[in-house]
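Single-letter residue listing:
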Amino acid sequence: PNPDGPNPDGEGTAPIWRSPTKIMLHPWFDNTVMLFILFNTITLSWEHYGMSTDLINILARIGDVFNAVFVLEMLTKWFGMGIGNYLAIPFNCLDCFIVMTSVLNYFGNLLPGAGAARLLRVFRLFRIARVIRMLYKYPSMKRLLNTVMGSGTALCNLTLFIVFVITVLAIMGMHLLGGSVDR
């Protein structure tokens, strides 16, 4: 009998590391990725103007580790879901974009004369958007974010109303008090 073949129960006996689908569906996979997203966000917040060379080098090496982890996550999902199914999920499209720009940025730093590729560092800011993915994992946070996003139109209307009221009151004040206030 094939040791990697199906059991009489219908489940494969292959170890978890032999199947990207099993790895991807394991609860620890998603939790580990979320933990790396959290740590990545923390390290991104450490960057500041006037950093020492040592801190720049340490953050660069930590960034390389995060890039490797996120590339592995993407490849695991590609092989586990198939590229078409992977790209059908909006958060995966965002992750793919972030990973690809990180890889291009990495090679841009290695190659001499590839200054244009260094401009891709700007896309590192999109790494912060991964935090939204982390928040969407929890139903209560998802409801809260949907409520905040859904209230955007109402907040814009409220802001326009306040600007309108302030403008009307400013015009009334100019006409009623114009010229009567001592300079």
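Located above this text is the structure these notes cover.
Residues numbered from 1 in each chain as written. Predicted model: local features only at pLDDT ≥ 70, side-chain atom pairs only at ≥ 80, totals over all residues. Heavy atoms only, no water.

A. Summary view of the overall build of the protein. Secondary structure assignment for the protein yields nine helices and zero strands. Moving toward the C terminus, one meets the helices and strands of the protein in the order α-α-α-α-α-α-α-α-α. Relative to its 183 residues, the protein shows a buried fraction of 22%. The contacts of the protein with a sequence gap of at least 6 include a subset with a gap of at least 24, amounting to 51%. Looking at the protein as shown, the accessible area adds up to about 13000 Å², and 72% of this sits on carbon and sulfur atoms. (Helix = DSSP H or I, 4+ residues; strand = E, 2+ residues; numbered from the N terminus. Buried < 20%, exposed > 50% of the residue type's maximum accessible area, 1.4 Å probe, protein only. Contact = heavy atoms within 4.5 Å. Areas by Shrake-Rupley, 256 points an atom, 1.4 Å probe, with all protein chains shown as cover.)

B. Examining a nonpolar patch on the surface more closely. Residues Leu155, Leu158, Phe161, Ile162, Phe164, Val165, Ile166, Val168, Leu169, Met172, Leu176 and Leu177 make up a contiguous nonpolar surface patch of about 1200 Å² in total accessible area. For Leu169, the position within the fold is in helix 9 (residues 152-177). On the basis of relative accessibility, which here comes to 53%, the residue Leu169 falls in the exposed class. (Patch = residues over 30% accessible without salt bridge, like charges linked within 9 Å, V, L, I, M, F, W, Y side chains within 5 Å. Salt bridge = Lys/Arg side-chain N within 4 Å of Asp/Glu carboxyl O.)

C. Representation of the pattern of salt bridges. For the structure shown, the criterion picks out two salt bridges. The residue Arg61 makes a salt bridge to Asp64 at a minimum N-O spacing of 3.1 Å. Remark: Asp64 and Arg61 occur in helix 3 (residues 53-81); sequence separation between them is three residues, near one turn of the helix. Of the charged contacts in the structure, one is a salt bridge between Lys77 and Glu73, with a shortest N-O distance of 3.3 Å. Residue Lys77 and its partner Glu73 are both found in helix 3; the two are separated by four residues, about one turn of the helix. Comparing Lys77 with Glu73, the two get one shared label, buried.

D. Structural detail: the packing of aromatic side chains. Scanning the model with the defined rule gives three aromatic pairs in all. Geometrically, the ring pair formed by Phe66 and Phe70 is stacked, given 6.3 Å between the ring centres and 20 degrees between the ring planes. One end of the pair, Phe66, and the other, Phe70, are both in helix 3, four residues apart, so they sit about a helical turn from each other. Note on Phe66: relative accessible area 6%, which makes it buried. On the basis of an interplanar angle of 85 degrees and a centroid distance of 6.3 Å, the ring pair of Trp78 and Tyr86 is categorised as edge-to-face. For Tyr86, a relative accessible area of 1% puts it in the buried group. By the ring-pair criterion, three or more aromatic residues cluster together here, those being Phe36, Phe66 and Phe70. (Phe/Tyr/Trp six-rings, centres within 6.5 Å; stacked < 30°, edge-to-face > 60°.)

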